[in-house]
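# Survey of secondary and tertiary structure
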Amino acid sequence: MNSVTKVIITSAALLLAACGPSKEQLARIELLAQEQARIAAEAAQQEASARRMRISTRLQRADIHWKSKDYLSEENVQSLFSSQDRRFAGLTEEELEQQNTYFINYPLQAARYNYKKGFHPFNIVGIRSLPNSGPYSSLFPDEAADYAPGHSAKSVVEFTLHQDLEKNRLGQDVLMKNGHRWVATVLNFKNYPALKAYNRNWQWIPGVFEDIKWNAAPEKTHSQSDARALEVQLGLRFCTLEDRCYSNIDYQGHPTHAVRAEVISIYVGNRENGEILAKFVREAE
């Protein structure tokens, strides 16, 4: 190829590049962009509608169970662990569905009012906060914790579902020596924004010693807490896959059987007068 031909080809290529796409091509590109934007907007609207419906359904179910006090029974727990614990095998024909939400309640115990900061802290009786997944690392694998400097496995909360009890000298129910425990384990919703709050004056307290605080005047908090009638109602969705959702550990000499779960809703209320003081709900699927 001679130099004249090379110059002609180069000039033609530069001319085509300078001309750019035609008007028809630009129109097609614009229409395509508009169509993609429309599809994205419709998808966002559908997701927002589905989220609103999901939240509404979850709150309605929580309302129903708060009023009916229809909570997880010992038979439910037996069913939940029947595939893992031979003692429960064949005891119940009921089967818990993984996609369903099951409810359980726990007493809410008031700590001392913090006059300096103006809030009342509370503890949920029956839970144990773990600073990391620790003994439950098989249920909450966090590969980043293995190699990222300064990264620790995610915090976990353990909820007691059932345990072997006996009467002490005062006639109180206490955990039996070497008694078994059956628990639900969830990612620590106090540390991660997993739940949407519907009451700004109720907030979770990160850490292991206190669980939730009520930002209100002491006269208001004491009027609700003095009767010791405050409760927390949890809506839990259990993972029931036999090969990845269960774990057996020893906790202070007590064989502990755990199942992984997700918190779908949490209510804080006064069982004596039926008043609901705070609502939290999971927005995600």
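What you are looking at is a predicted structure, and each value in this text was computed from that prediction instead of being measured.

Cut-offs and rules
Residues numbered from 1 in each chain as written. Predicted model: local features only at pLDDT ≥ 70, side-chain atom pairs only at ≥ 80, totals over all residues. Heavy atoms only, no water. Helix = DSSP H or I, 4+ residues; strand = E, 2+ residues; numbered from the N terminus. Contact = heavy atoms within 4.5 Å. Buried < 20%, exposed > 50% of the residue type's maximum accessible area, 1.4 Å probe, protein only. Pairing = 2+ DSSP bridges. Phe/Tyr/Trp six-rings, centres within 6.5 Å; stacked < 30°, edge-to-face > 60°. Disulfide = S-S within 2.5 Å. pLDDT = per-residue confidence, 0-100.

### Brief notes about the environment of Lys-213
Tracing the backbone through its elements, the reader meets Lys-213 in strand 10 (residues 212-214). Taking the C-alpha atoms as reference points, Lys-213 and Asn-123, 90 residues apart in sequence, are found 8.9 Å from one another. If we skip the residues at most four places from it in the chain, Lys-213 touches Phe-119, His-120, Pro-121, Asn-201, Trp-202, Gln-203 and Ile-205.

### Description of the pairing of strand 14 (residues 276-282)
Buried residues dominate strand 14, accounting for five of its seven residues. As defined by bridge partners, strand 13 (residues 254-270) adjoins strand 14 across five bridges and the pair is classed as antiparallel. Of the residues in strand 14, the one forming a bridge with Val-268 is Ala-278. Where strand 13 folds back onto strand 14 in an antiparallel hairpin, the turn is made up of five residues, including Gly-274, whose phi is positive at roughly 80 degrees.

### Structural notes on the packing of aromatic side chains
Counting across every chain of the model gives nine aromatic pairs. Considering the side-chain rings of Phe-159 and Phe-189, the 6.2 Å spacing of their centres and the 10 degrees angle between planes classify their relative orientation as stacked. Here Phe-189 lies in the loop between strand 7 (181-187) and strand 8 (195-197) and Phe-159 lies in strand 4 (residues 156-163), a separation of 30 residues in the sequence. Of the residues examined, Phe-159 reaches a relative accessible area of 0% and is grouped as buried. Pairing Phe-189 with Trp-204 gives two aromatic rings, centres 4.9 Å apart and planes at 70 degrees, and the pair type is edge-to-face. Within this pair, whereas Phe-189 is found in the loop between strand 7 and strand 8, its partner Trp-204 is found in strand 9 (residues 202-204), the two being separated by 15 residues in sequence. We note that Phe-189, like Trp-204, is buried.

### Considering the state of the cysteines
Scanning all chains against the criterion turns up one disulfide. Across the disulfide from Cys-239 sits Cys-245; the S-S distance is 1.7 Å. Comparing Cys-239 with Cys-245, the two get one shared label, buried.

### A few points about the confidence of the model for the protein chain
This prediction gives the protein chain a mean pLDDT of 86; 84% of its residues lie at or above 70. This model gives residues 12-16 a pLDDT under 50, and the stretch forms zero contacts once residues within four places in sequence are excluded.

### A closer look at the side chain of Thr-185
By secondary structure assignment, the location of Thr-185 is in strand 7. You can call Thr-185 buried: its relative accessible area is 0%. Every residue in contact with Thr-185, bar those within four places of it in the chain, is listed here: Tyr-136, Leu-139, Phe-140, Val-156, Val-157, Glu-158, Ala-258, Val-259, Arg-260 and Ala-261.

### What to know about helix 3 (residues 74-81)
Taking burial as the measure, the eight residues of helix 3 include six buried ones, the bulk of the element. Residues Asn-76, Val-77, Gln-78, Ser-79, Leu-80 and Phe-81 constitute the buried set of helix 3. Lining the buried residues of helix 3 we find strand 4, strand 7, strand 11 (230-238), strand 12 (246-251) and strand 13.

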